[in-house]
Amino acid sequence: MEYPDESQVLQSIPVEDEPAYVPPAANAAPNGGASDPTLDFADETLEFDPEASAFTRAAPPPESLAPYRAKLTLGPKGLTTVNDPVAKKILYTMAQVRVELIADKTGSDAFKGTRKDNPYTFDNATSMLFGGTSRIRGILVEALKQTIGNPTHRGQGEAILRALASEPQCRVTIRWKARCENCSVKKTATTPKKDVQLLGERNFPQKADKSHIPVWQCKECKADIPAVWEVVAYLPA
Ligand SMILES: [Zn+2]
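Residues numbered from 1 in each chain as written. Predicted model: local features only at pLDDT ≥ 70, side-chain atom pairs only at ≥ 80, totals over all residues.

Turning to the overall build of the protein chain, a few remarks are in order. Looking only at helices and strands, one finds three helices and eight strands in the protein chain. Start at the N end of the protein chain and walk to the C end: the helices and strands fall as α-β-β-β-α-α-β-β-β-β-β. Across the 237 residues of the protein chain, 24% fall into the buried class. Residue pairs in contact within the protein chain that sit at least 24 positions apart in sequence constitute 64% of those at least 6 positions apart. (Helix = DSSP H or I, 4+ residues; strand = E, 2+ residues; numbered from the N terminus. Buried ≥ 20, exposed ≤ 12 C-beta atoms within 10 Å, placed from the backbone. Contact = placed C-beta atoms within 7 Å.)

Shown next as structure tokens:
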């Protein structure tokens, strides 16, 4: 698989929506699931939290405490390519960025004592151009103040890998999101894409204390969809 003539491709790739948001997979096995009888478990005794429920999700961090300070690392899916199987060419690269929130806009660690781990999510950033720039370039140049050697898809992929290896920090704004997978439809040759979703914390049901309930009832199938959060923008540290 070869990169096409990059100067051509940067102008001719059709603008499409960002790849679908992928919520964090808590049980992802980065090293594969094959069992090896010579291996032993690292932790024999697990410390279960008697208060914890496996079926309720912690509320996303409040949007009002953004921009959050965040640590960026490469997610388990790493750097991949999106290919054109007919032309046998790489169309663009995609980096799975793990975004971990480490402090809120006041500089305090907003999560200490309220949850065991800092909130994190995965962001699929691509080298595809939108309005003359790309999400990978935005992270590198606008937020991390780094440079891209070669203005190509390959150059962007190599630059983001280099940058994430040092676990850089920046600030991020976030957005709550609930999307009904049952009622949303992927684009096909004959049908347009349909997103049945709710965006933005302020649109979720409000409690008496003005905070918002992190669950949305799908307006079509009435299923209760837990809210997740996604990165809207990356800002300098
Ligand atoms: Zn639905």
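The discussion continues.
We now examine helix α3 (residues 153–165). Its 13 residues place the ends of α3 19 Å apart at the C-alpha level, agreeing with the 18 Å of an ideal helix rising 1.5 Å per residue. Every buried residue of α3 is listed here: His153, Gln156, Gly157, Ala159, Ile160, Ala163 and Leu164. The arc that holds every buried residue of α3, seen down its axis, measures 170°, which confines them to one face. Opposite its buried face, α3 presents the exposed residues Arg162 and Ala165, each directed more than 90 degrees away. Of the residues flanking the end of α3, it is glutamate 167, one or two places downstream, whose phi is positive at about 50°. (Expected span 1.5 Å × (residues − 1). Arc of directions from axis to C-beta.)

Along the polypeptide, histidine 212 turns up in the loop between β5 (197–199) and β6 (215–217). In contact with histidine 212, other than residues within four places in its own chain, are Glu201, Phe204, Pro205, Gln206 and Lys207.

Here the residue pair alanine 66 and proline 67 is connected by a cis peptide bond, since its omega of 5° sits within 30 degrees of zero. Inspection of the secondary structure assignment puts proline 67 in the loop between α1 (6–12) and β1 (68–84). The backbone of lysine 145 sits at a positive phi, close to 55°, despite the residue not being glycine. Of note, lysine 145 is situated in the loop between α2 (135–143) and α3.

A separate point is α2. Turning to α2, its buried residues are Arg135, Ile136, Ile139, Leu140 and Ala143. Viewed along the axis of α2, the buried residues span an arc of 140°, placing them on a single side of the element. Among the structural elements, β2 (89–103), β3 (120–126), α3, β4 (169–179) and β8 (228–235) are those in contact with the buried residues of α2. Of the residues flanking the end of α2, it is lysine 145, one or two places downstream, whose phi is positive at about 55°.

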